[in-house]
Amino acid sequence: MSDAPALVVENLSLAIGPAGLVDGVGFQVAPGEVMAIVGESGCGKSVTAQAIMRLLPDAIRQTGGRILLGGRDISAIPERAMRAVRGQLMSMIFQEPQAALDPLTTVGSQIAEALRQPLGRVRGEVLRMLRDVGISDPERRIDQHPFELSGGMCQRIMIASALISRPAVLIADEPTTALDVTIQAQILDLLRRLAIERQTAVVLITHDMGVVADIADRVAVMYAGRIAEAGPTAEIFAAPRHPYTALLLASIPRLSDVPKSKLAVIEGRVPSPSEYGPGCRFASRCPRADARCAAETPPLRPLGDGRLTACFHAEAMA
Amino acid sequence: MNTLEITGLKVHFPGRGGAPVRAVDGVSLSIAPGETLGLVGESGCGKSTVSNATVGLLSPTEGSVKVLGTELAGASRETLRAIRAKAQMVFQDPVTSLNPRMTIGEAVGEPLLVRGLARGAALREQVGALLEEVGLRADHASRYPHQFSGGQRQRIVIARALALRPALLVCDEPVSALDVSVRAQILNLLVELQARHGMSTLFVSHDLAVVRHVCDRVAVMYLGRIVELAPRDELYSEPRHPYTKALLAAVPEPDPVTQRAKPRVPLEGEIPSPANPPPGCRFHTRCPLAIDRCRVEEPAWRPVGAAMVACHLV
Ligand SMILES: Nc1ncnc2c1ncn2[C@@H]1O[C@H](COP(=O)(O)OP(=O)(O)O)[C@@H](O)[C@H]1O
Ligand SMILES: Nc1ncnc2c1ncn2[C@@H]1O[C@H](COP(=O)(O)OP(=O)(O)O)[C@@H](O)[C@H]1O
Ligand code: SF4
Ligand SMILES: [Mg+2]
Ligand SMILES: [Mg+2]
């Protein structure tokens, strides 16, 4: 793993009308590394991914921050140049592979398209890629249409088409959420192997702490448009220092807990962007919150063990 | 008497290509009073079809479904209506389960009103008590579903299901549409209600950790059949069927140390179509252990220790 990050997101802020959706999100991903962004629905994971790809819907504006790809700031380059970046330097896969694939085009032609070549010219390369993503009988599959394939196979096709041009960065937005657990395990193994073999920097977006534990080298936990805590996966899971991370982990039923025991609960519900107020956005649900938490925004600060935590009481959590 | 007794249940749907879809193809299970039985398996294995047949929403193609001793297969309308009061269902999606034009008080009180069990002030009082029982307030009764979050709506759906004090609660993926933090609230509520009312529950989920948390016994389904049924601790500590083992190995556990040390049980290929299930053991096309016998001979459903298993090699 080389040290220069493949992707740097700096202080990214996004808004819709007057409401801020994402506030000062930043992270880096090195070649061959899997970085997970985890959080409950609506916390801003997908819009962050769309902003990195410069694929934000019209209603959402980037109000601050930079995105560096291989050291180059891509946040302001023209759309024409951005089109060359997408697919060549940076690719994205989604939750619903069937919806992302063109139903009328064969699997082989869609993968060849990522190379901007007719299938005839790159057939051998496409077959190799299909084999590499674990598609059995690639000679037959290459000429099939997406509807002839299962969800798991379609996700493999998406991965093949995203990675065949050897991009430096892969953004995977809930790539296994629609799949069954046995298929999910296969796809996660595949992503990990390809990240290492091809030295791809992977940003993996998920709501599932189990997926993070399985595959991520580092993790950023998001809450209400901000990063609550980020750092090496092992450290964050072993000793969460943000009350939200701690409660989230304690609220999940585990194969090792006492059946029917009371699970930790986070009272209330996730706020929507129009309800984001001053102070820590978790304050209204946080058992440790005091007057300062409600008034001031806790900065995301290093705690000295490679992690960053945005909580005034992080030291007390140790 | 068991609260639920299902024997040799088959539910087939007309298929597109002529062959019927054998959604449920020979399922037997029972639930004792006060017991919670988990039904797990991957999507399309027939869990919802079993649930729907249990509350009389689907009629069996073959076999028997008895709730409190009363047969649902071929039952008259009146019998079905009487049984539905005893067996209530909670669905996955709390948004589509509630009529947006009814106040939640009307929704929760409807089963009582329709059956002439309460009205006026007595109904209001019972509705208020039901709402409080699921962690809402009595004065929420005049509000509409859209004024509530997903988790609160699932509480409303549960209050409605409890209104008739059913002997059997059928929960089909009751927390699958909810976020993690809300899921814990609803699971705690379900465990608490079970303890308080002692009702029997059929708890359907694709999530093995959730099922372990709330159930006493667990049935694992694959392609329309149950492959293993065992007491909870037995099933999780000593899974016997190769499919149960593979499922447990595939659950991503929220602990990097355990998760990364876990041996993978790679399953070949994909789940076959229930319109054309494989001969012999239905799992043989994906089973890491399959031998020639598995490809031709159906494994018998037989007791092994405290479990029931269908596998030649167990
Ligand atoms: N196209 C859009 N128009 C308006 N609001 C949006 C749009 N996409 C997302 N949002 C809002 O932005 C916030 C973050 O959404 P999203 O990034 O999709 O969350 P996540 O992926 O973490 O579930 C949510 O409040 C959501 O409602
Ligand atoms: N009304 C129906 N008509 C035809 N096929 C159906 C119908 N309902 C379910 N099926 C099929 O039956 C099988 C089992 O479905 P289901 O019981 O919903 O599974 P699960 O709940 O385990 O995901 C699936 O193959 C599904 O496509
Ligand atoms: S009967 Fe054979 S194919 Fe079926 S689960 Fe057992 S070993 Fe595998
Ligand atoms: Mg999303
Ligand atoms: Mg279902």
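Up top you'll find the structure we're talking about.
Reading the values: the criteria
- Residues numbered from 1 in each chain as written.
- Chains lettered and ligands numbered in written order.
- Predicted model: local features only at pLDDT ≥ 70, side-chain atom pairs only at ≥ 80, totals over all residues.
- Heavy atoms only, no water.
- Helix = DSSP H or I, 4+ residues; strand = E, 2+ residues; numbered from the N terminus.
- Rg over C-alpha atoms; globule rule 2.2 N^0.38 Å.
- Buried < 20%, exposed > 50% of the residue type's maximum accessible area, 1.4 Å probe, protein only.
- Contact = heavy atoms within 4.5 Å.
- Areas by Shrake-Rupley, 256 points an atom, 1.4 Å probe, with all protein chains shown as cover.
- Lys, Arg positive; Asp, Glu negative; His and termini not counted.
- Charge placed at Lys NZ, Arg CZ, Asp CG, Glu CD.
- Salt bridge = Lys/Arg side-chain N within 4 Å of Asp/Glu carboxyl O.
- Near = heavy atom within 4 Å.
- 1 Å grid on protein atoms, 1.4 Å probe; cavity = no way out; pocket = protein on both sides within 12 Å on 5 of 7 lines; lining within 4 Å.
- Sits in = over half its atoms within 2 Å of the grid points.
- Nonpolar A, V, L, I, M, F, W, Y, C, P; charged D, E, K, R; others polar.
- Core = buried A, V, L, I, M, F, W, Y, C linked by side-chain atoms within 4.5 Å.
- Pairing = 2+ DSSP bridges.
- Axes fitted to C-alpha atoms, helices over the stretch in contact; angles between N-to-C directions.
- Points joined across faces, edges and corners; volume = space filled by probe spheres on them.
- Phe/Tyr/Trp six-rings, centres within 6.5 Å; stacked < 30°, edge-to-face > 60°.
- Lys NZ or Arg CZ within 6 Å of the ring centre and 35° of its normal.

Novice: Can you help me understand the overall build of chain A in this one?
Specialist: Assigned secondary structure in chain A consists of twelve helices and twelve strands. By the compact-globule yardstick of 20 Å for 318 residues, chain A fits well, its C-alpha radius of gyration being 20 Å. Across its three principal axes, chain A shows a C-alpha extent of roughly 65 × 50 × 35 Å. In chain A, which comprises 318 residues, the proportion classed as buried is 56%. Pairs at least 24 apart in sequence give 64% of the contacts found in chain A among residues at least 6 apart. Carbon and sulfur atoms make up 54% of the accessible area of chain A, which totals about 12900 Å². Separation of charge centres in chain A, based on 33 positive and 34 negative side chains, amounts to 2 Å.

Novice: For this particular structure, what's the right way to read the pattern of salt bridges?
Specialist: It is possible for side chains bearing opposite charge to pair when their charged atoms get close. All told, the structure shown has 40 salt bridges over all chains when counted by the stated rule. Among the ionic pairs, A:Arg66 bridges to A:Glu10, the shortest N-O distance being 3.1 Å. One end of the pair, A:Arg66, is in strand S4 (residues 60-69); the other, A:Glu10, is in strand S1 (residues 7-16), with 56 residues separating them in the sequence. Taking relative accessible area as the criterion, A:Glu10 reaches 32% and is therefore assigned partly exposed. Residue A:Arg123 is joined to A:Asp143 by a salt bridge in which the shortest nitrogen-to-oxygen separation is 3.1 Å. Placement of the pair is A:Arg123 in helix H5 (residues 119-132) and A:Asp143 in the loop between helix H6 (138-141) and helix H7 (151-163), with a sequence separation of 20 residues. Connected via shared salt-bridge partners are A:Lys262, B:Glu133, B:Arg165, B:Glu192 and B:Arg196.

Novice: Sorry if this is basic, but what is going on with the site of ligand 3 here?
Specialist: All names here are of chain B. Around ligand 3, the surrounding shell consists of His241, Pro242, Cys281, Phe283, His284, Cys287, Leu289, Ala290, Cys294, Cys311, His312 and Leu313. More than half of the atoms belonging to ligand 3 lie within 2 Å of the grid points that define the largest cavity. Considering only residue class, the shell around ligand 3 consists of nine nonpolar, three polar and no charged.

Novice: Got a minute to help me understand the nonpolar core in this structure?
Specialist: Side chains of a nonpolar character, in soluble globular proteins, are inclined to be buried together. If you look at the biggest cluster of nonpolar residues, it comprises 73 residues, and the most contacted ones within it are B:Ile158, B:Phe203, B:Tyr236 and B:Tyr243. Per-element tally for this core: the top contributor is helix H6 (residues 180-197) of chain B, with eight residues. Setting aside chain neighbours within four positions, we find B:Ile158 in contact with B:Val90, B:Val134, B:Ile186, B:Leu189, B:Leu190 and B:Leu193. Counting residues in hydrophobic clusters, the runner-up holds 41 residues, among them A:Ala114, A:Leu130, A:Val133 and A:Leu188.

Novice: Explain the sheet that holds S1(A) to me, please; I cannot follow it from the model alone.
Specialist: The strands that make up a sheet pair up through hydrogen bonds in the backbone, lying either parallel or antiparallel. Residues and elements named next belong to chain A. Pairing is antiparallel across the open sheet formed by four strands, whose spatial order is S2-S1-S4-S5. Since the sheet does not close on itself, it has two edges, and those belong to strand S2 (19-29) and strand S5 (72-73), each with one partner. Where S1 lies against S4, eight bridges are found, and the strand directions are antiparallel. Pairing of Glu10 across the sheet is with Arg66, part of S4. In this fold helix H1 (residues 45-52) packs onto S1, S2 and S4, with an angle of close to 115° to the strand it touches most, S1.

Novice: Looking at this structure, I do not really get empty space enclosed by the protein. What am I missing?
Specialist: Sizing a probe to match a water molecule and rolling it over the atoms shows the empty space that remains. In total, this model carries two cavities of 30 Å³ or more according to the counting rule given. Estimated volume of the largest cavity: approximately 80 Å³. Along the wall of the largest cavity there are 13 residues; nearest its centre are B:Pro242, B:Cys281, B:Cys287, B:Cys294 and B:Cys311. Class assignment for the residues of the lining of the largest cavity results in ten nonpolar, three polar and no charged. The computed volume of the second largest cavity comes to approximately 60 Å³. Around the second largest cavity, the lining is made up of 14 residues, and of these A:Cys280, A:Cys286, A:Cys293, A:Cys311 and A:His313 lie nearest the centre. Of the residues in the lining of the second largest cavity, the class split is eleven nonpolar, two polar and one charged.

Novice: Explain the packing of aromatic side chains to me, please; I cannot follow it from the model alone.
Specialist: Describing an aromatic ring pair means giving the distance of the ring centres and the angle of the ring planes. All names here are of chain A. In this structure the tally under the stated criterion is six aromatic pairs over all chains. Measuring from centroid to centroid gives 4.5 Å for Tyr223 and Tyr244, while their planes differ by 55°, and the two rings are tilted. You can see Tyr223 sitting in strand S9 (residues 218-223) and its partner Tyr244 sitting in helix H11 (residues 243-250), a full 21 residues away along the chain. Since its relative accessible area comes to 5%, Tyr223 is described here as buried. Measuring from ring centre to ring centre gives 5.2 Å for Tyr244 and Phe282, while their planes differ by 65°; the resulting arrangement is edge-to-face. Linking Tyr244 in helix H11 with Phe282 in the loop between H11 and helix H12 (291-295), this pair joins segments that are 38 residues apart in sequence. Within the aromatic cluster, the residues linked to one another by ring pairs are Tyr223, Tyr244 and Phe282. The side chain of Arg292 reaches across the aromatic face of Phe312, ending 3.9 Å from its centre.

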